[in-house]
Amino acid sequence: MILVWLIIVPTAAGLLAWLLGNRHPSWSRWISLIALAINLILSLTLLTRDAHLLTITPGGPWLAEIDLNWIPQLGISFHLAVDGLSLVLVLLTAFLGMTAVGSAWTEIKERVGFFYFNLMWVLAGITGVFLALDLFLFYFFWEMMLVPMYFIIAVWGHENRIYAAIKFFLFTQISGLLMLVAIIGLYFVHGRSSGVYTFNYLQLLGTEMPAPTAMVLMLGFLIAFVVKLPAFPVHTWLPDAHTEAPTPGSVILAGLLLKTGAYGLMRFTVPLFPQAAFDFAPIAIILGIIGILYGALLAFSQTDLKRMVAYTSVSHMGFVLLGVFVWNELALKGVVLQILCHGISTGALFILVGAIQERIETRDMRRMGGLWDTIPRLAGVAMIFALASLGLPGLGNFVSEILILFGTYRDSVPAAVLATLGLISATIYALWMIQVAFHGPNKKGWKLPDLSGREAALMGAMIVAILWLGLYPQPVFKTITPALHHLDQTVTRMQIAARAPAKAIVLSETAKRPPAQSVRPKGDNP
Amino acid sequence: MSFADLIALMPLMILAITPIAVMLVVAVHRSHSITAVLTAIGLAGALISLPLTSSPETGQVTMLLIVDGFARFYIGLLVAAGFVAVLLSYGYLQTYEGHCEEYYILMLLAVLGSAVIVTSSHFASFFLGLEILSISLYALIAYPRLKAKDIEAGLKYLILAATSAAFLVFGMALIYAALGTMELTRPATFIYSAAAERRSLPLMTGLIMLLVGIGFKLAVVPFHLWTPDVYQGAPAPVTAFVATVSKGSLVGLIVRLFGQVDIAALGSLFTVFTVIAVSSMIFGNILALLQKNVKRLLAYSSIAHLGYLLVAFLAGGSIGPTAVTFYLIAYFVMTLGAFGVITVLSGPQKEAEYIDDYRGLFWRRPWLGGTFTAMLMSLAGIPLTVGFIGKFYLAVAGVSASLWLLVIVLVMTSGIGLFYYLRVVVAIFAPPPQTNTPKETLPLAGELTLAGLTVVLVGIGLLPSPLLEIIRNMIA
């Protein structure tokens, strides 16, 4: 039932914020903040209450589940479940949601109630995406988060907002429709072979189908997810949407919306079509590497600070694509950690850019320079997150990218070498940004207010989080490992069933892991 | 004709008696509100009488009519849509300076005609129903007679509808010549069961001509040319009526016409339908992109929606008719809602028909703007609305019959469709123009109706399962 509350609370809060926001704008802020805090606490209770129960049941290491009839005529159920992987993402959603509310606090002055309505509904949709185990329900939430996001960009965005909003909507909606066709295709393939027509993910896993069918259906899912991720060459909506969105919108976009793509790849694309995904992996890996390098290159060539941060997302998400398609436990852990760290660090950078824009009313880096003198605290915080972005050891992003690179190295040395170049180019653009925006003489004679108490608190929380993920990510690993392990095993088992045991080495290596995994059933060894 | 038959025909009889009663009342005392209330009572009475007429053995009533679950369901749908249209019309006509009582009589007759169409089991009754419907529509479309556009639309509809009716009748004659029967379901079953060489030329020609007539009423490509002009020229509530009741009755008819056979096995006819469906989806959506007038935009989009609907129709099987009916309900709700918003903002003198008229609507009138947005989102097929479930169901039906071409076109053109719905939505949420227009009060009946439609839109969008069960039971 907690899972249902996770969705009802933000939905209801959104409606309440809208209704009350007309009279008391500050009420809608507090309502949203409190609702997200409730969500955070609810998901934390899931973490603590069931931590010792992380046993592998036949369906997987699920911590909580709810399965209600919804449209039984079509085999659709309201099926939510949470495992370690979903749980950390739900936690991230609540956390970044709160920072987004914090960053909207003063920036959003017009139509406040309606803004928080949209914000809360996006968050409800994202939470639903991370929890849904029925493919129809998944698609439902997948689409549900689009419309409010569209409004956030189109109503409260910057100069070119309509263009950006429509571009964002069309890209994601059309790719989503392709996924819908793939979902329906899978539904019938499974129904015809087994006689059970269902959208239940757990039942659809392991559906047998001819290789061409699997490839086509896999591509349907893949396109939707890589557009969202985004991967080269379908990333072009991202710089526009991120740049034109208001700060909280950018935080949600970069921090959460992109992550639904990564999550979809891990949860659906690869496990549902292991063989097709395996066959497609070389292309995906190449696209991932192109994304890493190309994103970095483009980031370096921007003059708009916000646009630059947006392009760094393309680069960082290249690592995610790489890690998912390398598909071993090490890389997957890296991917999840990358999701969390990128969410926090990029979210923070967007908030900082927003804070700067609020002060000097421009995002053009050429017009900045020397800001360190007048707003040292803000500049210092920006430095920390720029360092996180370039992968400085001690901050979360380092751990995640190194893990992905280690995982890649096992699979393909050239890929790992090329991807490592991404770390170097990240260093260049991140330091260059700090150099241009904050250092140098204060030629313009800026005199600006430094971080306010609210902003400082926001940044403080995010710094603690990124440091924690960099220095002691063990709790996260402890939560996600059973889920990832199970996913990996499911995929490997199906691949082994399909062909000679090409991945046997990976399996025997994972067996060396700490005792938590020793409960793995023995029959799985090839 | 037995007493049971009379009971079965009760909804139709109520629909036939009401216009006479209204006419008599108008002869005694002209009053807009009394007429409207009587009309509403008549329609509500027909609606209430529907469940009373359901008994297991009812079915064929004379050679001409068949009152089965399917017919009752469709009558219910059409009468409900007519009821909504009447509620919307009331506010719209209040500012009309001429007589508005006859309007309701015409509308009642049109509902009667459409109800006869879905009840018919014989070409004669089908034609009778069609003519009752068409003739009422000629007058309704040109009713205000204030602008050249009204008259133009009415004339255009009159000429084209009469031509298409001629095709229809000639087609019926050819079918009769070939088969010796005017039974509605015979042509399809005959082609289905007969060997290919027995599909004689007169029969096939007759069927194609029949399709021309039906295609005209459905406004599918290439029989769609009247749609944008009539949608634009007709008064907004009449447009809503034409888009729903008139089209819905013909959808019911084609499902009955081909419902008993597997359409995919009909060879060339299947190809004809596929071409119609694909071109409707493509042209409807692409032409809608170019429109600045919301009524024209919705006209083209309705062409596309009928194309979508044909996908499920062509899929056939057990799922096809259910999907068609479900989508039709969705289409009714969102079309009535969208035109309802236009109606409450319009009057016979000045219609709010340009996209610019809706600029900033959400900030001026949040509820109305929200309703319009919800309707447009539903037309675009976004979740939480009935349009999403409906489109999903269509895709399921299409994939179940492996109609890949149609499903891909459905998906791709839906993508195009989003673009023009979003244009309107963008206008609704744009900053309002600075000119301070006095805040008029909107007609209460219209606003309540819209609120009801929105509740239905979201309600079925969230919990479609009960409705699906009803549809399955009724039309199976």
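Residues numbered from 1 in each chain as written. Chains lettered and ligands numbered in written order. Predicted model: local features only at pLDDT ≥ 70, side-chain atom pairs only at ≥ 80, totals over all residues.

1. So, the overall build of chain B
Inference 1: A count of helical and extended segments in chain B gives 20 helices and 2 strands.
Inference 2: Scaling as 2.2 N^0.38, a compact globule of 476 residues should have a C-alpha radius of gyration of about 23 Å, and chain B matches this with 21 Å.
Inference 3: Overall size of chain B, expressed as C-alpha extent along the three principal axes, is 70 × 55 × 45 Å.
Inference 4: Burial status across chain B gives 60% buried among its 476 residues.
Inference 5: Taking the intrachain contacts of chain B between residues at least 6 apart in sequence as the baseline, contacts between residues at least 24 apart amount to 80%. (Helix = DSSP H or I, 4+ residues; strand = E, 2+ residues; numbered from the N terminus. Rg over C-alpha atoms; globule rule 2.2 N^0.38 Å. Buried ≥ 20, exposed ≤ 12 C-beta atoms within 10 Å, placed from the backbone. Contact = placed C-beta atoms within 7 Å.)

2. Things to note about the overall build of chain A
Inference 1: Within chain A, the secondary structure is distributed over 21 helices and 2 strands.
Inference 2: Taking 526 residues into account, the globule formula puts the C-alpha radius of gyration at 24 Å, and chain A, at 22 Å, falls close to it.
Inference 3: Considered along the principal axes of its C-alpha atoms, chain A spans approximately 70 × 55 × 40 Å.
Inference 4: Taken across its 526 residues, chain A has 60% of its residues classed as buried.
Inference 5: Taking the contacts inside chain A whose residues are at least 6 apart along the sequence as the reference set, 80% of them involve residues at least 24 apart.

3. Side note on the pairing of strand 2 (residues 76–82) of chain A
Residues and elements named next belong to chain A.
Inference 1: The buried fraction of strand 2 is high, at 6 of 7 residues.
Inference 2: As defined by bridge partners, strand 1 (residues 64–71) adjoins strand 2 across 7 bridges and the pair is classed as antiparallel. Following the sheet pairing, Glu-65 is matched in strand 2 by Ala-81.
Inference 3: The turn joining strand 1 and strand 2, which pair antiparallel and follow one another in sequence, is formed by 4 residues; a positive phi near 70 degrees is taken by Gly-75. (Pairing = 2+ DSSP bridges.)

4. Overview of the packing of helix 6 (residues 123–141) of chain B against helix 11 (residues 236–258) of chain B
Residues and elements named next belong to chain B.
Inference 1: Here helix 6 crosses helix 11 at 170 degrees, and the two axes come no closer than 11 Å. In this view, helix 6 runs roughly antiparallel relative to helix 11, as classed from their interaxial angle. Contacts from Phe-126, Leu-133, Leu-137, Leu-140 and Ile-141 in helix 6 reach Val-238, Val-242, Ser-246, Ser-249 and Leu-253 in helix 11. (Axes fitted to C-alpha atoms, helices over the stretch in contact; angles between N-to-C directions. Parallel < 35°, antiparallel > 145°, perpendicular 65-115°, else oblique.)

5. Overview of the confidence of the model for chain B
Inference 1: Mean pLDDT over chain B works out to 88, with 96% of the residues at or above the 70 mark.
Inference 2: For chain B, the element scoring lowest by mean pLDDT is helix 8 (residues 186–193) of chain B, at 81; helix 5 (residues 101–119) of chain B scores highest, at 94. (pLDDT = per-residue confidence, 0-100.)

6. Some details on the interface of chain B and chain A
Inference 1: Chain B puts 22 residues into the contact, and the matching count from chain A is 25 residues.
Inference 2: Listing elements by their share of the side of chain B that touches chain A, those giving two or more residues are helix 17 (386–400), helix 18 (404–429) and helix 20 (465–475) of chain B.
Inference 3: If one sorts the elements of the side of chain B that touches chain A by residue count, helix 18 of chain B sits on top with 9 residues.
Inference 4: For the side of chain B that touches chain A, the class distribution of residues is 16 nonpolar, 4 polar and 2 charged. (Nonpolar A, V, L, I, M, F, W, Y, C, P; charged D, E, K, R; others polar.)

7. Focus on the environment of Gln302(A)
Residues and elements named next belong to chain A.
Inference 1: Structurally, Gln-302 can be placed in the loop between helix 12 (274–300) and helix 13 (305–326).
Inference 2: C-alpha of Gln-302 to C-alpha of Asp-364: the two residues are 62 residues apart in sequence and 9.1 Å apart in space.
Inference 3: Sequence-distant contacts of Gln-302, defined by excluding residues within four places in its chain, comprise Arg-307, Met-308 and Tyr-311.

8. Quick word on helix 12 of chain A
For the α-helix, the turn length of 3.6 residues means that residues three or four positions removed from each other point alike.
Inference 1: The terminal C-alpha atoms of helix 12 of chain A, which comprises 27 residues, lie 36 Å apart, in line with the 39 Å expected from a rise of 1.5 Å per residue.
Inference 2: Maximum bend of helix 12 of chain A: about 50 degrees, positioned at Ala281(A), with proline Pro282(A) one to four residues after it. (Expected span 1.5 Å × (residues − 1). Bend = angle between axes of the 7 residues up to and from the residue.)

9. Notes on the packing of helix 3 (residues 84–107) of chain A against helix 11 (residues 247–272) of chain A
All names here are of chain A.
Inference 1: For the pair helix 3 and helix 11, the least separation of the axes is 7 Å and the interaxial angle reads 165 degrees. One element, helix 3, and the other, helix 11, form an angle in the roughly antiparallel class. Our pair here, helix 3 against helix 11, has a crossing hand that is left-handed. Note on element contacts: helix 11 touches helix 3 through Thr-247, Pro-248, Val-251, Ile-252, Gly-255, Leu-256, Lys-259 and Tyr-263, opposite Leu-89, Thr-93, Leu-96, Thr-99, Ala-100, Ser-103, Ala-104 and Glu-107.
Inference 2: Among the residues forming the contact of helix 3 with helix 11, the class breakdown is 9 nonpolar, 5 polar and 2 charged. (Left-handed = near helix turned anticlockwise from the far one by under 90°.)

10. Topic: helix 8 of chain B
All names here are of chain B.
Inference 1: Within helix 8, the full set of buried residues consists of Pro-187, Ala-188 and Ile-191. When helix 8 is viewed along its axis, its buried side chains cluster within an angular range of 95 degrees and face the same direction.
Inference 2: Contact partners of the buried residues in helix 8: helix 7 (148–179), helix 9 (201–218) and helix 11. (Arc of directions from axis to C-beta.)

11. A word on the environment of Tyr472(A)
Inference 1: Position of Tyr472(A) relative to the elements: it lies in the loop between helix 19 (453–471) and helix 20 (474–498).
Inference 2: Tyr472(A) sits 17 residues away from Glu455(A) along the chain, and the two C-alpha atoms are 25 Å apart.

12. Re the nonpolar core
Nonpolar side chains tend to gather and get buried jointly when the protein is soluble and globular.
Inference 1: Formed by 397 residues in total, the largest nonpolar core has its most connected members in Leu321(A), Leu352(A), Met107(B), Val111(B), Val311(B) and Tyr327(B).
Inference 2: With near-sequence residues (within four places) excluded, Val311(B) lies in contact with Ala277(B), Leu394(B), Ala397(B), Gly398(B), Leu403(B), Leu406(B), Val407(B) and Leu410(B). (Core = buried A, V, L, I, M, F, W, Y, C linked by C-beta atoms within 7 Å.)

13. A short note on unusual backbone geometry
Inference 1: The residue after Leu229(A), namely Pro230(A), is reached through a cis peptide bond having omega -10 degrees.
Inference 2: Residue Pro222(B) is reached from Val221(B) by a cis peptide bond, and omega for that bond is 5 degrees.
Inference 3: Relative to the elements of secondary structure, Pro222(B) occurs in the loop between helix 9 and helix 10 (227–233).
Inference 4: In the Ramachandran plot, Thr62(B) falls in the positive-phi region, its phi being about 55 degrees despite a non-glycine side chain.
Inference 5: Here Thr62(B) is to be found in the loop between strand 1 (60–61) and strand 2 (65–66).
Inference 6: Even without being a glycine, Ser402(B) presents a positive backbone phi close to 55 degrees.
Inference 7: Residue placement: Ser402(B) occurs in the loop between helix 17 and helix 18.

14. Topic: the confidence of the model for chain A
Inference 1: Summarising the model, chain A shows a mean pLDDT of 85, and 92% of its residues fall at 70 or more.
Inference 2: Contacts for the low-pLDDT stretch residues 500–526 of chain A, under 50 throughout, to residues beyond four places or in other chains number 21 contacts.

15. Examining the environment of Leu178(A)
Inference 1: Counting through the fold element by element, Leu178(A) comes out in helix 7 (residues 161–194).
Inference 2: C-beta crowding within 10 Å serves as the criterion here: with 20 such atoms nearby, Leu178(A) is assigned to the buried category.
Inference 3: For the pair Leu178(A) and Ala224(A), spaced 46 residues apart in sequence, the C-alpha to C-alpha distance is 7.1 Å.
Inference 4: Setting aside chain neighbours within four positions, we find Leu178(A) in contact with Gly220(A), Ile223(A), Ala224(A) and Val411(B).

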